[in-house]
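Structural overview for review
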Amino acid sequence: MVPEILVTDENAPLFDLDWLNSCTQEVSLSDGGIDQFLSEVNKTLAHRIRGEFSNKYRQQALFELLGQDYTKIHFPHHEYSPELLRPPQFPPKKREELMAELRTLLDDEVINSLDELGYPPDIADYQKENELKEFLDSIRTIFKSGCDKQVQSMTSENVKKRSNSIEEDVISLVSQMSGDEMYDMPEKLDKLDFQRSDVVGEAICALTLHNQEAKMSLLKNFRQSCLMFPNPLRKFIWEGFIGDNDERDTGKKKSKRRATKDFKAEIKKKLKGGTQRAVQSSDYKKIYSAVIDTYHNNNVLRPYAEDIHMLQTANIINIINVVDKEYTTAQIYWALPFQILYEKGVESKEDEEKSMIEISCMLERFCRHALLSFRTVSKVTDKVIKLIKDDEECYKSVTEALDTSIHAAGMLYCIVPEILVADHPNKSEKVWSDLRKKKKKDWKPRDHELFGKLDLWIRKWICEGFVGILPHPLIFFIWDVLFMYEWEQQVFVTISMMIFCLIKPWILQAKNNRDMVNVLLTEPSNLYIQDVRKALLLLQNEGCLDGKEISLDLQNQITELNTNVVKEKKPEEPVEEPPPPEEEQPVVEEEPAAEEPAEGEEAPVDEEPVKEEAEEAQPAPPEPEPEPEKVEEEATGDQ
């Protein structure tokens, strides 16, 4: 029997991106002035890892990671035999675990080698003017050039797709005008547009894919600068968080592809017919009805209220319900960010089902690992209310407005059933269900009063993951922050307070329940991303994202950051100034002419009378009413 021959590429590409591998090759062919630096580091590294050679499998794993050329130069007397790590000699699962362990080891040893030679741990910070600095500048130039070329290529491809789409739209419009199409077909959620940052995001994902330390350093930098993730990096971080939590729960690390495959197998086993059977379950009509009600009663979700999209949402949630039997209306909100992020545009029926299973798998794992329970939501809300009470004037204004003219029958579908009553999800569901069965005219005052409490609306924010009040792309930014901080309770408190403070100018203007609820549910969607980022940076610098309490002074500073508020300057009230004193003019000119003296007589010179007249010309202070008037008033009163 002829043994199986395994063909392996000993110089396999480092990354999954062709353009990034081209950059790597260009760097390796660049000026050799850096050879001395690399020679020093490689020799030191080779000396430090010799202690791992006692085990032949660890030795060959290191050789495979370092490459055949490195092995021949630094370990010429050792055999390079990567086939030892292939089946049947070595199980694939154990090989993957061993390679991951030794990648981390090599990363640590490279840093130790740089430290031993007197170089900084991160050579990107190297500033001395020498060959190493020139080499680093060369790498930056090569990467920037490769990145720009990839951006141009992707932009051209995107423009071509858009032009094709425009042609299809024109054909469709002409067809409609000619009467060929009698009905408007519901539109499907569009695929996210290409952005320049996507290219950099892909590169970062490729660079950090097998480097946990680099990934943690990356997250640290993003946390400190409060930046949004590019979409490729967003998928990488979100999926990484969910995968890491899966591994902690089960003790097994699964790739996204493997997890989706296992999830699909479980669906087929339970449904005995695949995802098509999901729509035939007993809860499907209930779920689809809840999706329609939720989308049509929420300002953020309403733009997506197309038939195809809502049908996909109902299918995704129903698949999860079939698997774990834990359906909640809140899942309608939680699904939307994943639907937007993973949408691929127009697909075949088979690809559409595959995409739906992928999103369902992600959402099911996300629900288990990230979101707060409804009881925890109530506890977090209590912390938020406590901070709001620090501003007594604002808290009084909110509570008084919410308690004025409550007509809440139309607000029922705005609320997730499990949060209507604090701390009691089961009781809350029952109360919600009872109210749903009532006619509006049959609602009692105590029914309306449930919707006149601030904590209810803060619970709504939190239990929905802020999806119900923040539109795309702002919700991506907030979820990026939540993923970076691993969905900790304190981050929910901080983000809730940030949003509340930013919309405070509108909160203070609301006068009744309807106005206040409208502010709490719609004004957050009008916030600018840059204002939110400034607020997050301020909170980050003060340590509030890491657990420090938000002071009243800090709350006021955040309120001032909202640039979407036109602050009307009150016109300055005119200050009443006393009238200027009348200019003294020569009395002779103002007074009537004196009697002309007779002929031959000289006019008498009398200075005193002139002085008295000048004094009389000046304004005198008002004198009290003369006594006769008082007598007249008394007389009038007698009459």
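Please refer to the structure higher up on the page.
In short, a report on the structure.

Rules used in this analysis
Residues numbered from 1 in each chain as written. Predicted model: local features only at pLDDT ≥ 70, side-chain atom pairs only at ≥ 80, totals over all residues. Heavy atoms only, no water. Core = buried A, V, L, I, M, F, W, Y, C linked by side-chain atoms within 4.5 Å. Buried < 20%, exposed > 50% of the residue type's maximum accessible area, 1.4 Å probe, protein only. Contact = heavy atoms within 4.5 Å. Phe/Tyr/Trp six-rings, centres within 6.5 Å; stacked < 30°, edge-to-face > 60°. Helix = DSSP H or I, 4+ residues; strand = E, 2+ residues; numbered from the N terminus. Lys NZ or Arg CZ within 6 Å of the ring centre and 35° of its normal. Axes fitted to C-alpha atoms, helices over the stretch in contact; angles between N-to-C directions. Parallel < 35°, antiparallel > 145°, perpendicular 65-115°, else oblique. Left-handed = near helix turned anticlockwise from the far one by under 90°. Nonpolar A, V, L, I, M, F, W, Y, C, P; charged D, E, K, R; others polar. Salt bridge = Lys/Arg side-chain N within 4 Å of Asp/Glu carboxyl O.

1. Details of the nonpolar core
Counting 130 residues, the largest nonpolar core has Phe366, Phe451, Trp457, Phe466, Trp479, Trp487 and Met498 as its most contacted members. In contact with tryptophan 487, not counting residues within four places along its chain, are Phe241, Phe366, Ala370, Leu371, Leu372, Trp479, Leu482 and Phe492.

2. Overview of the packing of aromatic side chains
Within this structure, the stated rule accounts for 25 aromatic pairs. Taking 5.4 Å as the distance between ring centres and 75° as the angle between the ring planes, the aromatic pair formed by phenylalanine 53 and phenylalanine 63 counts as edge-to-face. Of this pair, phenylalanine 53 sits in the loop between helix 2 (35-48) and helix 3 (56-66) while phenylalanine 63 sits in helix 3; the two residues are 10 residues apart in sequence, bridging distant segments of the chain. Taking the relative accessible area as the measure of exposure, phenylalanine 53 reaches 14% and is therefore buried. When its relative accessible area of 0% is taken as the criterion, phenylalanine 63 is described as buried. Three or more aromatic residues joined by ring pairs form one cluster here, namely Trp238, Phe241, Phe338, Phe366, Phe466, Phe476, Trp479, Phe483, Trp487 and Phe492. The cationic tip of lysine 215 hangs over the ring face of phenylalanine 236; the distance from NZ or CZ to the ring centre is 5.4 Å. One Lys or Arg, arginine 223, reaches over the ring of tyrosine 485 and ends 3.9 Å from the middle of that ring.

3. So, unusual backbone geometry
Looking along the chain, the bond that leaves proline 87 and enters proline 88 is cis, with omega of 5°. Along the polypeptide, proline 88 turns up in the loop between helix 4 (68-74) and helix 5 (92-116). Following histidine 472, the chain continues into proline 473 via a peptide bond in cis, with omega recorded as 10°. By secondary structure assignment, the location of proline 473 is in the loop between helix 19 (454-463) and helix 20 (474-484). In this model, aspartate 423 sits at a positive phi of 70°, which is unusual for a non-glycine residue. For aspartate 423, the position within the fold is in the loop between helix 16 (392-402) and helix 17 (425-437). According to the relative accessible area criterion, aspartate 423 is partly exposed, its value standing at 32%.

4. Quick notes on the packing of helix 12 (residues 307-324) against helix 14 (residues 349-369)
Between helix 12 and helix 14, whose axes approach to 9 Å, the crossing angle comes to 55°. With respect to their mutual orientation, helix 12 and helix 14 come out oblique. Crossing angle aside, the handedness with which helix 12 passes helix 14 is right-handed. In contact with Gln312, Asn315, Ile316, Ile319, Ile320 and Asp324 of helix 12, helix 14 contributes Glu352, Met356, Ile359, Ser360, Leu363 and Glu364. Here the residues of the contact of helix 12 with helix 14 sort into 6 nonpolar, 3 polar and 3 charged.

5. Here we look at the pattern of salt bridges
In the structure shown here, the tally under the stated rule is 21 salt bridges. Residue glutamate 109 pairs with arginine 48 through a salt bridge whose shortest N-O separation is 2.6 Å. One end of the pair, glutamate 109, is in helix 5; the other, arginine 48, is in helix 2, with 61 residues separating them in the sequence. Exposure remark for arginine 48: the relative accessible area of 34% places this residue in the partly exposed category.

6. Overview of the packing of helix 2 against helix 5
Relative orientation and spacing of two packed helices are given, respectively, by the angle between their axes and the distance between those axes. The N-to-C vectors of helix 2 and helix 5 enclose an angle of 120°; their axes lie 9 Å apart at closest approach. What the angle tells us is that helix 2 and helix 5 run oblique. Crossing hand, helix 2 versus helix 5: right-handed. Taking contact as the criterion, the partners of Phe37, Val41, Thr44, Leu45 and Arg48 in helix 2 are, on helix 5, Glu109, Val110, Asn112, Ser113, Leu114 and Glu116. Grouping the amino acids of the contact of helix 2 with helix 5 by side-chain chemistry returns 5 nonpolar, 3 polar and 3 charged.

The values are spatial; any link to function lies outside them.
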